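# Residue-level structural notes
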Amino acid sequence: MIGHGRTGAAATDAAVLRRAGVSQARCVVVTCMDDATTAMVVTPVRRAGPQARIVVAVRQPQHVSALRQAGADLVVPTERIGAHLAAMTLTGLGTAQVMPVGRVRTIRRRTACGKATC
């Protein structure tokens, strides 16, 4: 399905992509329930909007290269999306600072045992 509020149309249909304005889009975000469907959508989106930056969510990291070959410019694993959204939400509320995962693990270890190393 495609568009704001979902039109109920197939995102692989060239006519639907034209009506959705993909040919004039600067960026297209593709998120599907499975990576195979995502790959099937990326190719016609690339054809319909060759100038558009295509950003896709991938559920299985081993599919990243296949999605890039299909025409995606940026492939983001869904677990990273969730982590980034959580960090942005917490940062926006002023309750946390975004820091590298390694730093979070170090802080967690110190909190758990009271020392730098347990």
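Being a predicted model, the structure only gives us computed values, none of them experimental.

Now for the overall build of the chain. In terms of regular secondary structure, the chain is built from five helices and three strands. The secondary structure elements of the chain, listed N-terminal to C-terminal, are α-β-α-β-α-β-α-α. Sorting the 118 residues of the chain into buried and exposed places 27% on the buried side. Of the accessible surface of the chain, which amounts to about 8,200 Å², a share of 57% is contributed by carbon and sulfur atoms.

A few words on the pairing of strand β2 (residues 53-58). Two faces, one strand: in a regular strand the side chains alternate between the faces of the sheet. Within β2, five of the six residues are buried, leaving the element largely enclosed by the surrounding structure. Direction of pairing for strand β1 (residues 27-30) relative to β2: parallel, over a ladder of four bridges. Among the inter-strand pairings, Val30 is bridged to a residue of β2, identified as Val56. Running through helix α2 (residues 35-48), the crossover from β1 to the neighbouring parallel element β2 is right-handed.

It is worth spelling out the pattern of salt bridges at this point. According to the stated counting rule, one finds one salt bridge in the structure shown. Here Arg46 makes a salt bridge to Asp73, at a shortest N to O gap of 2.7 Å. Within this pair, whereas Arg46 is found in helix α2, its partner Asp73 is found in the loop between α3 (64-70) and β3 (74-77), the two being separated by 27 residues in sequence.

Formed by 19 residues in total, the largest nonpolar core has its most connected members in Val28, Val30, Val45, Ile54, Val56 and Val75. Contributing elements (two or more residues each) for this core: β1, α2, β2 and α3. Beyond its immediate stretch of four places on either side in the chain, Val45 contacts Ala11, Leu17, Val22, Val28 and Ile54.

Moving on to the confidence of the model for the chain. The predicted model of the chain averages 76 in pLDDT, with 69% of residues at 70 or higher. Here residues 1-5 is modelled with pLDDT under 50, and outside its nearest four sequence neighbours on either side it reaches ten contacts, counting other chains as well. Overall, residues 98-113 carries pLDDT values under 50, and its contacts beyond four positions in sequence, including any with other chains, amount to eleven contacts.

With that out of the way, let us pick up a nonpolar patch on the surface. Taken together, Ile81, Leu85 and Met88 make up a surface patch of nonpolar side chains, about 280 Å² in accessible area. Turning to its location among the elements, Met88 is positioned in helix α4 (residues 78-92).

What follows deals with the sheet that holds β2. Strand order across the open sheet formed by three strands is β1-β2-β3, with parallel pairing between neighbours. With one partner strand each, in any of the chains shown, β1 and β3 form the two edges of the open sheet. Averaged over all pairs of adjacent strands, the angle between their axes in this sheet comes to 20°, without regard to strand direction. Packed on one face of the sheet, α2 meets β1 and β2 and runs near 175° to β2.

Definitions and limits used
Each chain carries its own residue numbering, running from 1 in the written order of its sequence. Restriction of local features to residues with pLDDT of at least 70 applies here, the model being predicted, together with a cutoff of 80 or more for giving and counting side-chain atom pairs; totals for whole chains, interfaces and linings are based on all residues. Only hydrogens and water are set aside; all other atoms, that is, all heavy atoms of the structure, feed into the side-chain values. Every helix listed is a DSSP run of H or I at least four residues long, and every strand listed is a run of E at least two residues long, numbered separately from the N terminus. The rule is simple: take the accessible area with a 1.4 Å probe, protein chains only, and divide by the maximum for that residue type; under 20% is buried, over 50% is exposed, in between is partly exposed. Only the protein chains shown count as cover for residues, and all accessible areas are computed by the Shrake-Rupley method using a 1.4 Å probe. When DSSP finds two or more bridges between a pair of strands, those strands are recorded as paired. The handedness rule is simple: strands pointing away from the viewer, and a clockwise path from the first strand over the helix to the second, make the crossover right-handed. Between Lys or Arg on one side and Asp or Glu on the other, a salt bridge is scored when a side-chain nitrogen of the former is within 4 Å of a carboxyl oxygen of the latter. In this text, buried Ala, Val, Leu, Ile, Met, Phe, Trp, Tyr and Cys residues form a nonpolar core when linked through side-chain atoms within 4.5 Å. Contacts: residue pairs with any heavy atoms within 4.5 Å of one another. Confidence of the predictor at the level of single residues is given by pLDDT, which spans 0 to 100. The residues that make up patches have over 30% relative accessible area and no salt bridge, and they are joined within 9 Å when like-charged or within 5 Å when they are Val, Leu, Ile, Met, Phe, Trp or Tyr. Here an axis means a line fitted to C-alpha atoms, over the contact stretch when the element is a helix, while the angle between two N-to-C directions is reported on a 0 to 180 degree scale.

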